[in-house]
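# Residue-level structure breakdown
For reference, the chains in residue letters:
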Amino acid sequence: MGSKTSRRGDGDSPKRTSSRTTGADGTSASSGARKAGTTRTTGSRAASAGGASKGRTKTSTARKTTGRAGAPQAAEAKSGPEAITSYPNAVRWVLDLHDVERQRVVQYDPEGDFKLDRMRALLTALGNPQDQFRSVHIAGSNGKGSTAAMISAMLRRCGFAIGSYTSPHLTDIRERISINGQNIGRPEFTELMRKVAEASVSIGERPTFFEAMTAIGFLHFAEQAVDLALVEVGLGGRLDSTNVIMPVLSLITEIQLDHTRILGTDLPSIAREKAGIMKPGVPVITREQTPEVEAVFNEHAQTVGTTIRVVNRDIEFSNRFCSTAELGPHNRVCLYTDTSRLEHLPVPLPGEHQAFNCGLALAAVDHLKSVGFDCPEPVVTAGLADTEIPGRMQLVWDRPRILVDGAHNPDALGALMRCVGAHVPYDSMVCVFGCAQDKDVDALLDRVSLGADKVIFTRAAGNPRSADPDDLRRRFMERSGKMCQVAPTVGDALELAARAVSRDDLICVTGSFYLVGDAMKHLESVRRSREEATSGA
């Protein structure tokens with residue numbers, strides 16, 4: 001079950017008995033882990049970038065001197081391109097930029113944090129790399145990453161070089177930019193970040209964190225001459241930094257209420273923002289949506305001057321749940337077009353919701369045939385089975401069993417609880433939960449209550465958007481009679497959970513990709529410290 005890339009533990013509980021220190025990512029690490037160099041200083045954002053700034057000064061201190069996006073470049077040499085002499089310096093430079101992903105209050109307008117003119121000026125200074133490769137643009141509330149992963153797996157098996165630009169990352173900032181599943185290398189990341197810094201000086205404006213990352217993603221794909229780049233929208237669509245490409249296809253996954261403080265409080269408002277990626281003459285494929293969302297999409301497509309097709313309506317599609325000795329419980333899908341006849345394909349990711357994402361991915365590959373991609377059906381089928389994606393229904397530890405999933409809105413969390421119930425046998429579930437404060441918290445807590453027997457509330461380290469765990473506990477107790485606790489860090493929460501479960505129980509970490517990333521880093525720290533202890537014995 002889960003991703004094939006799951007890193008499992010050595011079969012022991014992740015409990016600690018040795019002394020602890022708190023690392024930059026806010027997780028606890030044993031003294032053995034410190035000797036191994038796996039802990040960080042208190043710069044939590046640097047830790048989330050894959051540990052590039054171990055043993056360095058606090059990132060939070062450095063950020064106090066930086067302004068919002070669009071501010072003139074600082075006079076200090078340390079903030080200029082000349083400061084980017086190594087990978088840690090490159091990471092530190094980009095992390096010092098204004099980061100919308102971690103802001104409590106976002107200025108969502110063309111002159112604020114989402115200024116496309118600034119992004120276009122930056123790319124012009126870099127030679128417009130986004131015009132040097134073909135792309136598919138993917139927007140939506142849920143399923144963007146899974147859909148992109150399935151498309152990538154199928155096209156890679158067909159022999160194509162496929163770039164992927166996704167967000168957020170889990171444990172390493174370079175996860176956001178990859179080609180054929182390989183993260184951008186540290187030397188390339190450093191060189192391209194220096195180019196972005198130089199370009200920002202030339203235009204006289206500092207980019208946001210996401211703008212800078214988008215720019216180096218485009219540069220990397222152009223320099224490596226990918227056959228196709230799968231570009232995932234970061235937030236919304238209309239004003240997103242990625243909305244400067246002219247793709248060969250636009251995809252829109254499921255639309256649900258998410259980021260309501262920014263994108264709008266109702267589905268039509270959110271749909272209008274997502275529909276903003278539509279371009280004249282660029283075909284759009286989406287899955288079945290609510291009638292109000294489909295009305296917005298159809299109206300916008302007509303206004304822009306493009307066509308929109310819906311899987312399971314304009315494109316024949318079906319799915320069914322089944323169980324076999326080889327694959328266990330899973331979904332199978334069929335998709336038929338004038339050029340494809342794909343029958344009874346096993347969906348590589350668990351859950352009925354993934355069947356619909358799979359249908360969208362298959363429809364995308366079918367369309368790509370019409371623009372020159374040779375995709376034989378047997379190869380497509382084999383490639384689909386290769387799909388791997390971390391942080392979605394991923395088992396990351398054996399004893400106790402720990403499953404992580406980045407479900408971060410009510411619909412995604414409800415789908416997760418149903419999926420766990422259908423695919424993972426367990427006696428009781430302890431849920432380690434944390435979410436952003438700008439989510440529909442009460443609805444999230446209701447979904448948690450449906451599946452969890454006990455809940456431990458915590459928060460992602462270094463993220464100002466994280467909801468207060470004590471507030472989550474109070475609200476949960478008002479809505480549910482189930483047991484709950486609070487832990488200051490994900491590491492502490494996992495230790496509490498490990499003491500509360502038996503062999504046949506399950507620990508599920510969910511509510512935020514940032515929380516999942518913290519859990520994966522903590523468990524990796526445990527694993528490394530134990531390996532060191534074993535090798536030194």
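One numbering rule holds for all chains: residues counted from 1, following each sequence as written. Per-residue local features of the predicted model are confined to residues with pLDDT of at least 70, and side-chain atom pairs are confined, for both listing and counting, to 80 or more; whole-chain, interface and lining totals are unaffected and use all residues. With hydrogens and water set aside, each side-chain value is computed from the structure's full complement of heavy atoms.

### Digging into the environment of A363
Runs of E in the DSSP output that reach at least two residues are strands. Runs of H or I that reach at least four are helices, and both are numbered from the N terminus. Mapped onto the secondary structure, A363 falls in helix α12 (residues 352-369). In this structure, the C-alpha to C-alpha distance between A363 and L251, residues 112 residues apart in sequence, is 9.7 Å. Two residues qualify as a contact provided that any one of their heavy atoms is within 4.5 Å of a heavy atom in the partner residue. In contact with A363, other than residues within four places in its own chain, are I285, V311, I315 and L335.

### Brief notes about the sheet that holds strand β14 (residues 394-397)
By the convention used here, strands pair only if DSSP detects at least 2 bridges between them. The strand order across the open sheet formed by 6 strands is β14-β15-β19-β16-β17-β18, and the pairing between neighbours is mixed. What marks the edges here is a single partner per strand, and that holds for β14 and β18 (483-486). Here the strands of the sheet are splayed against their neighbours by 25° on average, with no regard to which way each runs. Two elements, strand β17 (residues 454-457) and β18, share 4 bridges in a ladder whose sense is parallel. Considered in β18, the bridge of V455 is made with C484. An axis is simply a line fitted to the C-alpha atoms; with a helix, the fit covers only the stretch in contact. Between two such axes, the angle follows the N-to-C directions and lies from 0 to 180 degrees. Sitting on the sheet, helix α15 (residues 441-451) is in contact with β16 (429-433) and β17, with an inclination near 160° to β16.

### Topic: the packing of aromatic side chains
Pairing of aromatic side chains requires ring centres within 6.5 Å, counting the rings of Phe and Tyr and the six-membered ring of Trp. Pairs whose planes differ by under 30 degrees are stacked, by over 60 edge-to-face, and all others tilted. Inspection of the entire model under this criterion finds 8 aromatic pairs. Centroid distance F133 to F221: 5.8 Å. Interplanar angle 85°. Geometry classified as edge-to-face. Here F133 is found in the loop between α5 (116-125) and β3 (135-139), whereas its partner F221 is found in helix α8 (residues 209-223), with 88 residues between them in sequence. Each of the two residues, F133 as well as F221, counts as buried. With a centroid separation of 4.9 Å and 65° between ring planes, the pair formed by F160 and F373 is classed as edge-to-face. In this pair, F160 sits in the loop between α6 (144-157) and β4 (162-165) while F373 sits in the loop between α12 and α13 (377-385), placing the two residues 213 residues apart along the sequence. Think of it in three bands: residues with accessible area under 20% of the maximum for their type are buried, residues over 50% are exposed, and the middle band is partly exposed, with areas taken using a 1.4 Å probe on protein chains only.

### Some remarks on the pairing of strand β19 (residues 506-510)
With respect to burial, β19 is a largely interior element, 5 of its 5 residues being buried. Residues L506, C508 and T510 point to one face of β19 and I507 and V509 to the other, with burial holding for every one of them. For β16 and β19, the ladder comprises 5 bridges, and the chain directions are parallel. Across the sheet, V430 pairs through a bridge with I507, a residue of β19.

### Section: the sheet that holds strand β9 (residues 284-286)
Overall, mixed pairing links the 8 strands, which are arranged β6-β5-β4-β7-β3-β8-β9-β10 in an open sheet. Edge positions in the sheet fall to β6 (182-183) and β10 (308-310), since each of these pairs with one other strand and no more. Sheet analysis places β4 next to strand β7 (residues 228-232), joined by 4 bridges and oriented parallel. In the sheet register, G163 faces β7, and the bridge partner there is A229. In the packing of helix α11 (residues 291-304) onto the sheet, contacts are made with β8 (249-252), β9 and β10, and the angle to β10 comes to roughly 155°.

### Examining the packing of α6 against α12
Contact pair α6 / α12: the axes reach a minimum separation of 9 Å and the direction vectors enclose 45°. Taken together, the axes of α6 and α12 are oblique relative to one another. Classified by chirality, the crossing of α12 by α6 is right-handed. Contacts between α6 and α12 involve S146, T147, M150, I151, M154 and L155 on the former and, on the latter, Q354, N357, C358, L360, A361, L362, A364, V365 and L368. In the contact of α6 with α12, the residues fall into 11 nonpolar, 4 polar and no charged. When an angle is under 35 degrees it counts as roughly parallel; over 145 it counts as roughly antiparallel; between 65 and 115 it counts as roughly perpendicular; any other value is oblique. In a left-handed crossing the near helix is turned counterclockwise from the far helix by less than a right angle, and in a right-handed crossing that turn is clockwise. Side-chain classes follow a simple rule in which Ala, Val, Leu, Ile, Met, Phe, Trp, Tyr, Cys and Pro form the nonpolar group, Asp, Glu, Lys and Arg form the charged group, and the remainder, Gly included, forms the polar group.

### Overview of the environment of G237
Secondary-structure assignment places G237 in the loop between β7 and β8. G237 gets classed as buried once you look at its relative accessible area, which sits at 0%. Between the C-alpha atom of G237 and that of R272, which follows or precedes it by 35 residues, the distance is 8.8 Å. Look past the residues within four positions of G237 in its chain and what remains in contact with it is N243, E273 and I277.

### Quick notes on the pairing of strand β15 (residues 401-405)
A large share of β15 lies buried, amounting to 5 of its 5 residues. The alternating pattern of β15 places R401, L403 and D405 on one face and I402 and V404 on the opposite face, and all of these are buried. Bridge count between β14 and β15: 3 bridges; the pairing is antiparallel. When the sheet's bridge partners are listed, W397 is paired in β15 with I402. Looking at chain direction, β15 and β19 are connected through 5 bridges and run parallel. What sits directly across from V404, in β19, is V509.

### Section: the environment of F373
For F373, a relative accessible area of 3% puts it in the buried group. Separated by 214 residues in sequence, F373 and G159 have C-alpha atoms that sit 9.9 Å apart. Residues contacting F373, with those up to four places away along its chain left out, are R134, F160, D227, L228 and L368.

All quantities given are derived from atomic positions and should not be read as evidence of function.
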